[in-house]
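So you can see what is in the structure, the chains are spelled out below.
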Amino acid sequence: MFISFEGIEGSGKSTQIQLLESSLKELGHNVKKLREPGTTVLGEKIREIFLEETNETIDPTTEAFLLYASRKHLDQNILRKNLAKGHVVIADRYADATIAYQCYGKGLSKDFIGYIHEKSELLTPDLTFYMDISAEKSKERISNREMDRMESEPLEFFRKVREGYQEIASNNPDRVVCLDANRGIEELKKEIIDRTLKKINATLE
């Protein structure tokens, strides 16, 4: 089973991914955790390039090609192999992030991304948890850490990204679970685990 977590910076994705991974392992599931871009040797190098602060102008088309290079490599080397073994794969971001950030946030054509995605022959998550917080709350939560290139984008950018995520969730109700990330950690953990186990059981039926 393939699960992805999405949301803007500071939404609590990493915390809930860790909690879900631990809970599933306690229940006897084999779990593989991924991050996007990253995880593979190639992907981590792309991640470093992608997030590094620079004085050069980086077009959203360039960003998309970098992301899909990492994503295709991850799909081929880790994602499909773990799913074939019956493992639960949990990804910190996946293709929805490119639509939200590069298309809604930066104006890149959704048709263009759709074309790249189709030609890359990538899998779609079975279940996606979208952690929803406001752009203002995002900036507040990450204000005490050193920000990378994407985190340094202005408030209006994150408002657009959030709108993108909300539209993705609205258009994919069977896959995307929209969660109010302002709720308590334990409350969110319980709902995420419950929905995950329900999906796993439905898959096995």
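Residues numbered from 1 in each chain as written. Predicted model: local features only at pLDDT ≥ 70, side-chain atom pairs only at ≥ 80, totals over all residues. Heavy atoms only, no water.

Caption draft 1: Representation of helix α1 (residues 13-26). Helix length check: α1 (14 residues) gives 20 Å between terminal C-alpha atoms against 20 Å at 1.5 Å per residue, within 8%. Residues K13, Q16, I17, L20, E21, S23 and L24 constitute the buried set of α1. (Helix = DSSP H or I, 4+ residues; strand = E, 2+ residues; numbered from the N terminus. Expected span 1.5 Å × (residues − 1). Buried < 20%, exposed > 50% of the residue type's maximum accessible area, 1.4 Å probe, protein only.)

Caption draft 2: Up close: a negative patch on the surface. Negative charge collects at one region of the surface, where E48, E52, E53 and E146 lie side by side. Among the structural elements, E52 can be located in the loop between α2 (41-51) and α3 (60-84). By relative accessible area, E52 is classed as partly exposed at 48%. (Patch = residues over 30% accessible without salt bridge, like charges linked within 9 Å, V, L, I, M, F, W, Y side chains within 5 Å. Areas by Shrake-Rupley, 256 points an atom, 1.4 Å probe, with all protein chains shown as cover. Salt bridge = Lys/Arg side-chain N within 4 Å of Asp/Glu carboxyl O. Lys, Arg positive; Asp, Glu negative; His and termini not counted. Charge placed at Lys NZ, Arg CZ, Asp CG, Glu CD.)

Caption draft 3: Main features of the pairing of strand β1 (residues 2-6). Most of β1 sits out of view: 5 of its 5 residues are buried. Burial of β1 is two-sided: the residues F2, S4 and E6 facing one way and the residues I3 and F5 facing the other way are all buried. Pairing of β1 with strand β3 (residues 88-92), which is carried by 4 bridges, proceeds in the parallel orientation. Note that in β3 the partner of S4 across the bridge is A91. (Pairing = 2+ DSSP bridges.)

Caption draft 4: Representation of the packing of aromatic side chains. For the structure shown, the criterion picks out 7 aromatic pairs. Ring geometry for Y101 against Y165: centres 6.2 Å apart, planes inclined by 80°, an arrangement best described as edge-to-face. Taken as a pair, Y101 in helix α4 (residues 95-105) and Y165 in helix α7 (residues 155-171) lie far apart in primary sequence, 64 residues in all. In this pair, the class of Y101 matches that of Y165, namely buried. Arranged with centres 5.0 Å apart and planes meeting at 25°, the rings of Y130 and Y165 form a pair that is stacked. Within this pair, whereas Y130 is found in strand β4 (residues 127-132), its partner Y165 is found in helix α7, the two being separated by 35 residues in sequence. When its relative accessible area of 2% is taken as the criterion, Y130 is described as buried. Among the aromatic side chains, those forming a connected cluster through ring pairs are Y101, Y130, F157, F158 and Y165. Cation over ring: R71 sits above Y94, and NZ or CZ is 5.5 Å from the ring centre. (Phe/Tyr/Trp six-rings, centres within 6.5 Å; stacked < 30°, edge-to-face > 60°. Lys NZ or Arg CZ within 6 Å of the ring centre and 35° of its normal.)

Caption draft 5: Structural context of the sheet that holds β3. The strand order across the open sheet formed by 5 strands is β2-β3-β1-β4-β5, and the pairing between neighbours is parallel. Two strands in the sheet have a free side with no partner beyond their single neighbour: β2 (31-35) and β5 (176-180). Between one strand and the next, the sheet's axes are offset by a mean angle of 20°, whatever the strand orientation. Relative to β3, β2 is paired through 5 bridges, and the arrangement is parallel. Of the residues in β3, the one forming a bridge with R35 is D92. Contacts from α7 reach β1, β4 and β5 within the one sheet, and its direction differs from that of β4 by about 145°. (Axes fitted to C-alpha atoms, helices over the stretch in contact; angles between N-to-C directions. Contact = heavy atoms within 4.5 Å.)

Scope: geometric values only; no functional claims are made or implied.
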